[in-house]
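# Summary of the model geometry
Listed here are the chains, written in short residue letters.
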Protein chains: 2
Amino acid sequence: MQLAQYIDHSYLRPDCTEQVIDRLINESMTYGFKAICIPPMYLQYAREHAEERSFLLCTVAGFPIGYDHVEAKLASLQRSAALGADEVDVVINLSAIKTGHWSITKSELTALRDNALQCSVTLKCIIEAQLLTESEIMHICEISNELKLSYVKTSTGFFGDPVREETIKLLRRHLEPGIRIKASGGINDYNEAMKMIRAGADRLGCSKSVSIVKGTMQSFE
Amino acid sequence: MQLAQYIDHSYLRPDCTEQVIDRLINESMTYGFKAICIPPMYLQYAREHAEERSFLLCTVAGFPIGYDHVEAKLASLQRSAALGADEVDVVINLSAIKTGHWSITKSELTALRDNALQCSVTLKCIIEAQLLTESEIMHICEISNELKLSYVKTSTGFFGDPVREETIKLLRRHLEPGIRIKASGGINDYNEAMKMIRAGADRLGCSKSVSIVKGTMQSFE
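Keep in mind the model is a prediction, meaning the values are calculated, not measured.

### Focus: the overall build of chain A
What chain A contains, in helices and strands, is 9 helices and 8 strands. Over its C-alpha atoms chain A spans a radius of gyration of 16 Å, differing by no more than 12% from the 17 Å that the globule rule assigns to 221 residues. Once the C-alpha set of chain A is aligned to its principal axes, its extents read approximately 45 × 35 × 30 Å. The buried share among the 221 residues of chain A stands at 60%. For chain A, restricting intrachain contacts to residue pairs at least 6 apart in sequence, the fraction spanning at least 24 positions comes to 71%. When the accessible surface of chain A is summed, it comes to about 8800 Å², and 45% of that surface belongs to carbon and sulfur atoms. When the 24 positive and 28 negative side-chain charges of chain A are each reduced to one mean point, those points stand 3 Å apart.

Structure representation (structure tokens):
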């Protein structure tokens, strides 16, 4: 097992520059990260500056708050696909869930799933788990199973507490085995990263990816 | 002068529910706020639950990080207009500015302005001033003047320090008189609100609007 192959090397702060993208590309070439996860506006730059790349291009939509119209999320996803994104992490409509409008959640996820399929991008649905109750998370798992989603991602990293091991275990228990899990939000060191993987995470979203894999080199086998 | 008529009574956190919208509507009827500023997904609900309203419906797009594709922002704006929004506050592409791609900023703002005009909504461009240098703010003012934008709004309230009086004065000095200014981000009491108005703000984005106008009743004339 190569820890780096679990990591989406990410920078999603509003002040992201081309210099940051250059760094993510270089570090991903050096350490072998699975993907870089970057703002939509930098997809074209990243594609042009990493033609012979060994990593996937991942971006976000409806980020970091999922209450925008589904039309906006779909427009974002389609444009990102056209610009070469392999994966798009979309924030679900948390407000709809908090108001109990599960039909909105389901119809939105259906539209996103269908569009992602048409555009040949891998969809990851960000559920912002730390703001949800256990029963809300389980309801999302049911919908995800029914829609056969590709990926559930725990958090944006912008709101609330860091991702918890227990959340990953809960998701793993309630999601069908075919649905993968991306743990994200406050995974800052090697031990945290390993805890998430042992709990069932298939992918990690991290910005401190380099120091995480450097931790590996000393203690990981 | 009625302070409430300067205020966009706002709730834009990811956990916004219909109960919050009900509260914003009721408080706006009671205190006479200029607008309610709410997540896109609640526009229809607000319109249906405040048919005889005395306030404007305002929402956001590309919020709170402006690095999404312009196609997504336009799709959001158009859908919000179709659902009855009077005003849309859109976050500009801060990443483009930080990388020095002013042509992206300008072409995006041109597309947004033209679309807002077609849809008959008032566009407010959120510049996230507290993350910009003075020279970047002045450059945005030049573009805003050239494009004859309706409104420049200081901040989303999600990143960095509260809005400063000096920023409003800087904007007022460099923007054409016809371009209005919305101050937002951390305006928590009556004194802060009055400082912004005296510095040149035409509108205030606040969530603590009720306690702000209650401050008025004691000390404002």
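So, next bit.
### So, the packing of aromatic side chains
Remark: the centre distance and the inter-plane angle together describe each pair of aromatic rings, the angle taken between the planes. This model, assessed by the stated rule, comprises 6 aromatic pairs over all chains. Aromatic pair Phe158 of chain A and Phe159 of chain B: ring centres 6.0 Å apart, planes at 85°, arrangement edge-to-face. Linking Phe158 of chain A in the loop between strand E6 (151-153) and helix H7 (165-174) with Phe159 of chain B in the loop between strand E6 (151-153) and helix H7 (165-174), this pair reaches from one chain into another. Take Phe159 of chain B: its relative accessible area is 7%, and that puts it in the buried class. Counting every residue linked through ring pairs, the aromatic cluster contains Phe63 and Phe158 of chain A together with Phe159 of chain B.

### Description of the sheet that holds strand E1 (residues 7-10) of chain A
Residues and elements named next belong to chain A. Sheet architecture is closed into a barrel: 8 strands sit in the order E1-E2-E3-E4-E5-E6-E7-E8, paired in parallel fashion. The mean angle between the axes of side-by-side strands here comes to 25°, regardless of whether they run parallel or antiparallel. Pairing geometry for E6 and strand E7 (residues 180-184), over 3 bridges, is parallel. Looking across to E7, one finds that Lys153 is bridged to Lys182. Across the sheet, helix H3 (residues 70-82) is in contact with strand E3 (56-61), strand E4 (87-91) and strand E5 (122-126); its angle to E4 comes to roughly 165°.

### Brief notes about the sheet that holds E6 of chain B
Residues and elements named next belong to chain B. Read around the closed barrel, the 8 strands follow the order E1-E2-E3-E4-E5-E6-E7-E8; overall the barrel is parallel. Averaged over all adjacent pairs, the angle separating strand axes in this sheet is 25°, with direction ignored. Direction of pairing for strand E1 (residues 7-10) relative to strand E2 (residues 35-38): parallel, over a ladder of 3 bridges. Paired with Asp8 across the strands is Ala35, a residue of E2.

### So, the nonpolar core
If you look at the biggest cluster of nonpolar residues, it comprises 163 residues, and the most contacted ones within it are Leu3, Ile187 and Leu204 of chain A together with Leu3, Ile187 and Leu204 of chain B. Setting aside chain neighbours within four positions, we find Leu204 of chain A in contact with Leu3, Tyr6, Ile7, Asp8, Lys182, Ala183, Ile187, Ala193, Met196 and Ile197 of chain A.

### Here we look at the relation of the copies chain A and chain B
It takes a turn of 180° to lay chain A on chain B, together with a shift of 0.0 Å along the axis; the resulting RMSD is 0.0 Å. Expressed as a symmetry operation, the mapping of one chain copy onto the other fits a two-fold axis. Minimal C-alpha distance to the rotation axis in chain A is attained by Ala72 of chain A, lying at 2.3 Å. Here 100% of the interface residues in chain A have copies in chain B that are interface residues too; the copies meet face to matching face.

### Focus on the interface of chain A and chain B
Size of an interface, as often reported, equals the accessible area lost when the parts are brought together. Each partner contributes to the interface: chain A provides 39 residues, whereas chain B provides 39 residues. Here chain A and chain B share an interface that buries about 3000 Å² over both sides, 66% of which is from carbon and sulfur atoms. Considering only the side of chain A, the residues that lose the most area to chain B are Pro14, Tyr67 and His69 of chain A, jointly responsible for 24% of the buried surface there. At the junction of chain A and chain B, the tally comes to 2 salt bridges. Residue Glu71 of chain A pairs with Arg79 of chain B through a salt bridge whose shortest N-O separation is 3.2 Å. Linking chain A to chain B there are 22 residue pairs in polar contact (both at pLDDT 80 or more). For the side of chain A that touches chain B, the secondary structure elements donating two or more residues are E3, H3 and helix H4 (94-99) of chain A.

### What to know about the pairing of E7 of chain A
Residues and elements named next belong to chain A. In terms of residue burial, E7 counts as a mostly covered element, since 4 of its 5 residues are buried. In this view, the connection linking E6 to its parallel neighbour E7 by way of H7 has right-handed handedness. Bridge count between E7 and strand E8 (residues 203-206): 3 bridges; the pairing is parallel. Residue pairing across strands places Lys182 opposite Arg203, the latter belonging to E8.

### What about the packing of helix H5 (residues 102-119) of chain A against helix H6 (residues 134-147) of chain A?
When two helices pack together, their arrangement is given by the angle between their axes and by how far apart the axes lie. Residues and elements named next belong to chain A. Following both chains from N to C, one finds H5 and H6 inclined at 40°, their axes separated by 11 Å at the closest point. By the criterion of interaxial angle, the relationship of H5 to H6 is oblique. Once H5 is placed against H6, the crossing between them reads as right-handed. Facing H5, whose interface residues are Trp102, Thr105, Lys106, Leu109, Thr110 and Arg113, H6 presents Glu136, His139, Ile140, Ile143, Glu146 and Leu147.

### Concerning the pattern of salt bridges
Two side chains bearing opposite charge may form a pair once their charged atoms approach each other closely. Residue and element names in this part refer to chain A. In this structure the tally under the stated criterion is 38 salt bridges over all chains. With a shortest N-O distance of 2.7 Å, Lys182 and Asp89 are connected by a salt bridge. Taken together, the residues span a long stretch of sequence, with Lys182 in strand E7 and Asp89 in strand E4 at a distance of 93 residues. One exposure class covers both Lys182 and Asp89, and it is buried. Between Glu166 and Arg164 there is a salt bridge, with its nearest N and O atoms 3.7 Å apart. You can call Glu166 partly exposed: its relative accessible area is 43%. We classify Arg164 as partly exposed; its relative accessible area is 48%. Shared partners join several salt bridges into a network, and the residues in it are Asp8, Glu87, Asp89, Lys124, Lys153, Lys182 and Arg203.

Definitions and cut-offs
Residues numbered from 1 in each chain as written. Chains lettered and ligands numbered in written order. Predicted model: local features only at pLDDT ≥ 70, side-chain atom pairs only at ≥ 80, totals over all residues. Heavy atoms only, no water. Helix = DSSP H or I, 4+ residues; strand = E, 2+ residues; numbered from the N terminus. Rg over C-alpha atoms; globule rule 2.2 N^0.38 Å. Buried < 20%, exposed > 50% of the residue type's maximum accessible area, 1.4 Å probe, protein only. Contact = heavy atoms within 4.5 Å. Areas by Shrake-Rupley, 256 points an atom, 1.4 Å probe, with all protein chains shown as cover. Lys, Arg positive; Asp, Glu negative; His and termini not counted. Charge placed at Lys NZ, Arg CZ, Asp CG, Glu CD. Phe/Tyr/Trp six-rings, centres within 6.5 Å; stacked < 30°, edge-to-face > 60°. Pairing = 2+ DSSP bridges. Axes fitted to C-alpha atoms, helices over the stretch in contact; angles between N-to-C directions. Core = buried A, V, L, I, M, F, W, Y, C linked by side-chain atoms within 4.5 Å. Least-squares fit on C-alpha atoms with pLDDT ≥ 70 in both. Buried area = accessible area lost by both parts, 1.4 Å probe. Salt bridge = Lys/Arg side-chain N within 4 Å of Asp/Glu carboxyl O. Polar contact = N/O pair within 3.5 Å; in protein donor to acceptor, adjacent residues only side chain to side chain. Right-handed = clockwise from strand over helix to strand, strands pointing away. Parallel < 35°, antiparallel > 145°, perpendicular 65-115°, else oblique. Left-handed = near helix turned anticlockwise from the far one by under 90°.

Just geometry here; none of it tells us what the structure is for.
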